[in-house]
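Each chain, letter by letter, is given below.
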2 protein chains.
Amino acid sequence: MTVKTIAKKLGISHTTVYLYLKDPETKRISPQTKKKIKLLLEQGYLRLDPHAQTLARKKSHAVAILIPMNVPYFHSVIVTESLCGIQQVLFQKRYRFVFLPSQGGDSLQILKDQLKHSGGYDGYILYGTRDSSMEEMRANVETLQKYRVPFVVLNMPELEDDINQVICQTPNAADPIRYLFQLGHRDIALLAGSSRAPDTQQSIQQYFLFFQRLGVERSAERIMYGNYEKVIARSEVLKLLSKDRGITAIVSLSDSMALGAYEAIKELGLKIPDHISVIGKDDATFASNMCPPLTTVRIPMVEMGKQAAILLFEAMGGAKPRKIYLTSELVIRESAAPAISTKSKGGEIEKVNILTI
Amino acid sequence: MTVKTIAKKLGISHTTVYLYLKDPETKRISPQTKKKIKLLLEQGYLRLDPHAQTLARKKSHAVAILIPMNVPYFHSVIVTESLCGIQQVLFQKRYRFVFLPSQGGDSLQILKDQLKHSGGYDGYILYGTRDSSMEEMRANVETLQKYRVPFVVLNMPELEDDINQVICQTPNAADPIRYLFQLGHRDIALLAGSSRAPDTQQSIQQYFLFFQRLGVERSAERIMYGNYEKVIARSEVLKLLSKDRGITAIVSLSDSMALGAYEAIKELGLKIPDHISVIGKDDATFASNMCPPLTTVRIPMVEMGKQAAILLFEAMGGAKPRKIYLTSELVIRESAAPAISTKSKGGEIEKVNILTI
DNA sequence: TGCATTAGATCAGTCGCGAAG
DNA sequence: GCTTCGCGACTGATCTAATGC
């Protein structure tokens, strides 16, 4: 049932029905007519068409979520958690949100596909994804900028000032490598995601930098790529630990990869944290239930989603771009313990004063 | 940029641009004009408006996902997993999908809100949710039926034949209570969700029925309500186990509640499965990483989502309603072990031949 | 006659303006 | 002058029918 069919049924004009819909308390309609309309509407057959409304109002009350990746969105904790925050804010303001299809290809191609039929949305939230490189992310942001449309960027490294963005920073106290070092670990392996992902690249850079500042060179041999997946992480850890017995700690870039690391370590007959310490990232629900409970870096993802939505409303209101910074936090549980000194092979940096790091 | 602005820019009519868009190989446009259009389109400024397309085509290429609950959708494993399947099928057919906002209230009110502005979508997927009762679910389905619109029902008990529905059945071999019984357990507690949820009600009914058929009456004292949340489950299990030491096994209606049960059991100084066996439901990623690894009922949720989407396309194509049945499967790990006979208080049913159950 | 192009109606709401009583 | 109501233009893409050369 549409506004016009309702009007026809009552023998009145569509304008009158519209007027009532817009404000049932309006004085512009007689009580009798109101009653007629009300009666019919209460049957509940009217369903307004948001597409027609969008066209007429030049406003859609809808936001498009752009996640340029080929795998299902909702397997990613980052996506689901942040969407919870986004949903809260959007629904509160009566906004709907939409996921646009694509025909596959790389991150750039996907976004182009999605944008092809993306006219008329009030705003956009663009995700950085595991399989887009920094260059692709930049290109995607530029594409969106070209359309001069309100948008917010999520899950990407810090970009230019004129881009609305929610960023999660890791303070020193939440840096897992530093924490492990303070516990006496010197032989730390990094369980990274995919080599193209900026957060992996950034972590690797920080990893090298950390040891460089201590005057030690670390090779790339202790960097593993688990593609943010449990099973791949498991086999990579198995492989590295089998040939490199010196490692006393592993830093994983996601809790789900930590699940795989746990399996591999146990399979090799090693104990966490006695032989190997593990630190995860995300603080997933199950982290405290792992054996031992996983020490992990909590990322405030729900809050990040919320802030992204809030920022988007600001942008849609015409505010000038800004960044919102949130911080991660180290949740200390039992999977990381002091290194057994005899195990430490990093003697050459033993004398460093950790306070200066 | 719209079709009309492109046309204006080139000094041609919008129809010509449209004709090119519809079929770039068309013979109805001269090569010169084609070249002009092509050049401008390659700049990539054109973004078709799906709302206008919907209006003109009387087809939206969009599906609305209706999840009548007040909490964020993406914290629920059922939602996220099934959405992965839905996404796969929809995107493959170039369909987008939408989440409609509501102003809160009960499941009925939420759906009404969502449907108020739901005209013009090609199809709908309606979820049964944890906080809707069977009556509410039925009412919601009826509401949707009233509009004579293609829709599929997910995560609900079996309904009338004329409703498209994906249903997950539990064969005897995947029934956790039966399995525990075969292991010698007689004092089994049920960690249910919320009392209104049909799946909880159904499980409770089956629980009582199972023991009734054995000629034993079970009271409701061993039924706990964890609201599908880890923390609530933890405190409920703590409460029951503290006062009822006879229990040797717990069946949980979700893996996340099993996480809470594990915590509670360990807190009481009991061992799984030595003192208490636990069986979960969902087979979440972390289930195999729990200590001990969780025996659980795997629900093929991604597949359910896929089938729901496939069924919806059938319905949108005018096919008559049907049901798709999938089955759950018991994933045996280590959290459920044979009951220690001295612990069993259910002596009165010891002599029953389990094969007849 | 055929080729290239275009005018204008349509979809379902929105809303300015005006008209009848 | 006031209340009550309706006409018709508009949104952007689609598509039929028709025009000009």
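Residues numbered from 1 in each chain as written. Chains lettered and ligands numbered in written order. Predicted model: local features only at pLDDT ≥ 70, side-chain atom pairs only at ≥ 80, totals over all residues. Heavy atoms only, no water.

Caption draft 1: The packing of helix H10 (residues 230-243) of chain A against helix H11 (residues 255-267) of chain A, seen in detail. Residues and elements named next belong to chain A. Two numbers describe how H10 lies on H11: the axes approach to 7 Å, and their chain directions differ by 40 degrees. Classified by the angle their axes make, H10 and H11 are oblique. In the crossing of H10 with H11, the sense of the turn from one axis to the other is right-handed. Along the contact surface, H10 presents Lys230, Ala233, Arg234, Val237, Leu238 and Leu241, while H11 presents Ser256, Met257, Leu259, Gly260, Ala261, Glu263, Ala264, Ile265 and Glu267. Split by residue class, the contact of H10 with H11 holds nine nonpolar, two polar and four charged. (Axes fitted to C-alpha atoms, helices over the stretch in contact; angles between N-to-C directions. Helix = DSSP H or I, 4+ residues; strand = E, 2+ residues; numbered from the N terminus. Parallel < 35°, antiparallel > 145°, perpendicular 65-115°, else oblique. Left-handed = near helix turned anticlockwise from the far one by under 90°. Contact = heavy atoms within 4.5 Å. Nonpolar A, V, L, I, M, F, W, Y, C, P; charged D, E, K, R; others polar.)

Caption draft 2: Quick look at the state of the cysteines. All chains considered together, the criterion is met by one disulfide over all chains. Covalent S-S linkage joins Cys291(A) and Cys291(B), the inter-sulfur distance amounting to 2.0 Å. With Cys291(A) in the loop between strand S9 (277-282) and strand S10 (295-298) and Cys291(B) in the loop between strand S9 (277-282) and strand S10 (295-298), the pair connects residues from two separate chains. Not part of a disulfide, Cys168(A) finds its nearest cysteine sulfur in Cys84(A), a span of 17 Å. A disulfide-free cysteine, Cys84(B) has its sulfur positioned 13 Å from the sulfur of Cys84(A), the nearest such atom. Note on Cys84(B): relative accessible area 0%, which makes it buried. (Disulfide = S-S within 2.5 Å. Buried < 20%, exposed > 50% of the residue type's maximum accessible area, 1.4 Å probe, protein only.)

Caption draft 3: A look at the packing of aromatic side chains. A complete count under the given rule lists 31 aromatic pairs over all chains for this structure. Between Phe210(A) and Phe211(A), the aromatic rings sit 5.5 Å apart at their centres with planes inclined by 85 degrees, giving edge-to-face as the arrangement. Residue Phe210(A) shares its accessibility class with Phe211(A), and that shared class is buried. Arranged with centres 6.4 Å apart and planes meeting at 85 degrees, the rings of Tyr121(B) and Tyr124(B) form a pair that is edge-to-face. Grouping aromatic residues by their ring pairs yields a cluster made of Tyr73(A), Phe74(A), Phe91(A), Phe97(A), Phe99(A), Tyr73(B), Phe74(B), Phe91(B), Phe97(B) and Phe99(B). In this structure, Lys146(A) packs its charged tip against the face of Tyr147(A), placed 5.7 Å from the ring centre. Arg218(B) extends its terminal NZ or CZ atom over the ring of Phe211(B), reaching a point 4.6 Å from the ring centre. (Phe/Tyr/Trp six-rings, centres within 6.5 Å; stacked < 30°, edge-to-face > 60°. Lys NZ or Arg CZ within 6 Å of the ring centre and 35° of its normal.)

Caption draft 4: The relation of the copies chain A and chain B, seen in detail. Rotating chain A by 180 degrees about the axis while translating it 0.1 Å along that axis superimposes it on chain B, leaving an RMSD of 0.1 Å. Put plainly, the chains are arranged around a two-fold axis. Mapped onto chain B, 100% of the interface residues of chain A again fall at the interface, so both copies present the same surface. (Least-squares fit on C-alpha atoms with pLDDT ≥ 70 in both.)

Caption draft 5: Structural view of the domain arrangement of chain A. Residues and elements named next belong to chain A. Looking at the assigned domains, one finds that chain A contains domain 1 (3-48), domain 2 (57-168 + 301-327) and domain 3 (172-298 + 330-356). Here the C-alpha centroids of domain 2 and domain 3 sit 31 Å apart. Tallying the contact residues gives 10 residues for domain 2 and nine residues for domain 3. Of the roughly 790 Å² buried where domain 2 meets domain 3, counting both sides, 54% is carbon and sulfur surface. Our count for the domain 2 to domain 3 interface comes out at two salt bridges. Our count for the contact surface shared by domain 2 and domain 3 stands at three residue pairs in polar contact (both at pLDDT 80 or more). (Domains from an automatic or database assignment. Buried area = accessible area lost by both parts, 1.4 Å probe. Salt bridge = Lys/Arg side-chain N within 4 Å of Asp/Glu carboxyl O. Polar contact = N/O pair within 3.5 Å; in protein donor to acceptor, adjacent residues only side chain to side chain.)

Caption draft 6: Highlighting the protein's contact with DNA strand C. Surrounding DNA strand C, one finds 29 residues, the nearest of these being Tyr18(A), His14(B), Lys27(B), Arg28(B) and Thr33(B). Between DNA strand C and Val3(A) there is a distance of 3.0 Å, counted from a phosphate oxygen to a backbone nitrogen or oxygen. Interatomic distance of 2.7 Å between a side-chain N/O atom of Thr33(B) and a phosphate oxygen of DNA strand C. Sorting the residues of the surface near DNA strand C by element identifies helix H1 (3-10), helix H2 (14-22) and helix H4 (50-57) of chain A together with helix H2 (14-22) and helix H4 (50-57) of chain B as the ones contributing at least two each. Looking at the surface near DNA strand C residue by residue, the class counts come to 10 nonpolar, 10 polar and nine charged. (Near = heavy atom within 4 Å.)

Caption draft 7: A look at the protein's contact with DNA strand D. Residues in contact with DNA strand D amount to 29 residues; listed here are only the nearest, Thr15(A), Arg28(A), Ser30(A), Thr33(A) and Tyr18(B). If you look at DNA strand D and keep only atoms within 4 Å of the protein, 64% of those are sugar or phosphate atoms. With respect to DNA strand D, the backbone of Asp49(B) contributes an N or O atom lying 3.4 Å from a phosphate oxygen. Of all the secondary structure elements, the ones that give two or more residues to the surface near DNA strand D are H2 and H4 of chain A together with helix H1 (3-10), H2 and H4 of chain B. Of the residues assigned to the surface near DNA strand D, the class counts are 10 nonpolar, 10 polar and nine charged.

Caption draft 8: Fine view of the side chain of Ser328(B). Residues and elements named next belong to chain B. With respect to the helices and strands, the residue serine 328 is situated in the loop between strand S11 (323-327) and strand S12 (329-331). A residue is classified by how much of its surface remains accessible, and serine 328, at 4% relative accessible area, is buried. Of the polar contacts made by the side chain of serine 328, one reaches the side chain of threonine 170; its length is 3.4 Å. For serine 328, the residues in contact, after removing those within four places along its chain, are Cys168, Gln169, Thr170, Pro171, Ala174, Val297, Arg298, Ile299 and Pro300.

Caption draft 9: Looking closely at the interface of chain A and chain B. Counting from both sides, the interface comprises 58 residues of chain A and, opposite them, 58 residues of chain B. For the pair chain A and chain B, the summed buried surface comes to about 5100 Å²; carbon and sulfur atoms form 60% of the total. The largest share of the area that chain A buries against chain B comes from Arg47(A), His51(A) and Phe74(A), three residues that together contribute 16% of it. Counting across the chain A and chain B interface gives zero salt bridges. At the boundary of chain A with chain B, the tally comes to 33 residue pairs in polar contact (both at pLDDT 80 or more). Listed by contribution, the elements that provide at least two residues to the side of chain A that touches chain B are H4, helix H5 (77-92), strand S2 (96-99), helix H6 (107-116) and H11 of chain A. Of the residues forming the side of chain A that touches chain B, the biggest block, seven residues, is contributed by H5(A). Of the residues belonging to the side of chain A that touches chain B, the class tally is 29 nonpolar, 19 polar and 10 charged.

Caption draft 10: Examining the environment of Tyr95(B) more closely. Checked against the element boundaries, Tyr95(B) lands in the loop between helix H5 (77-92) and strand S2 (96-99). Residues Tyr95(B) and Ile324(B), spaced 229 residues apart in sequence, show a C-alpha to C-alpha distance of 22 Å. Excluding its chain neighbours within four sequence positions, the residues that come into contact with Tyr95(B) are Pro101(A), Lys59(B), His61(B), Ala62(B), Val63(B), Leu90(B), Asp122(B), Phe313(B) and Met316(B). At 3.3 Å, the side chain of Tyr95(B) forms a polar contact with the side chain of Asp122(B).

Caption draft 11: Representation of the environment of Asp255(A). Residue and element names in this part refer to chain A. Residue position: aspartate 255 is located in helix H11. A C-alpha to C-alpha distance of 9.6 Å links aspartate 255 and threonine 295, two positions 40 residues apart in sequence. Among all residues touching aspartate 255, those that are not within four sequence positions of it are Gly280, Lys281, Asp282, Asp283, Ala284, Phe286, Ala287, Leu294 and Thr296. Side-chain polar atoms of aspartate 255 contact the backbone nitrogen of lysine 281, separated by 2.8 Å. Separated by 2.8 Å, the side chains of aspartate 255 and threonine 296 make a polar contact.

Caption draft 12: Quick look at the packing of H6(A) against helix H7 (residues 134-146) of chain A. All names here are of chain A. It is at 9 Å that the axes of H6 and H7 come closest, and there the two elements cross at 20 degrees. When the interaxial angle is binned, H6 and H7 end up roughly parallel. The two elements H6 and H7 meet at a crossing, and its hand is right-handed. Here Ser107, Leu108, Leu111 and Leu115 of H6 come into contact with H7, specifically with Glu136, Ala139, Asn140, Thr143 and Leu144.

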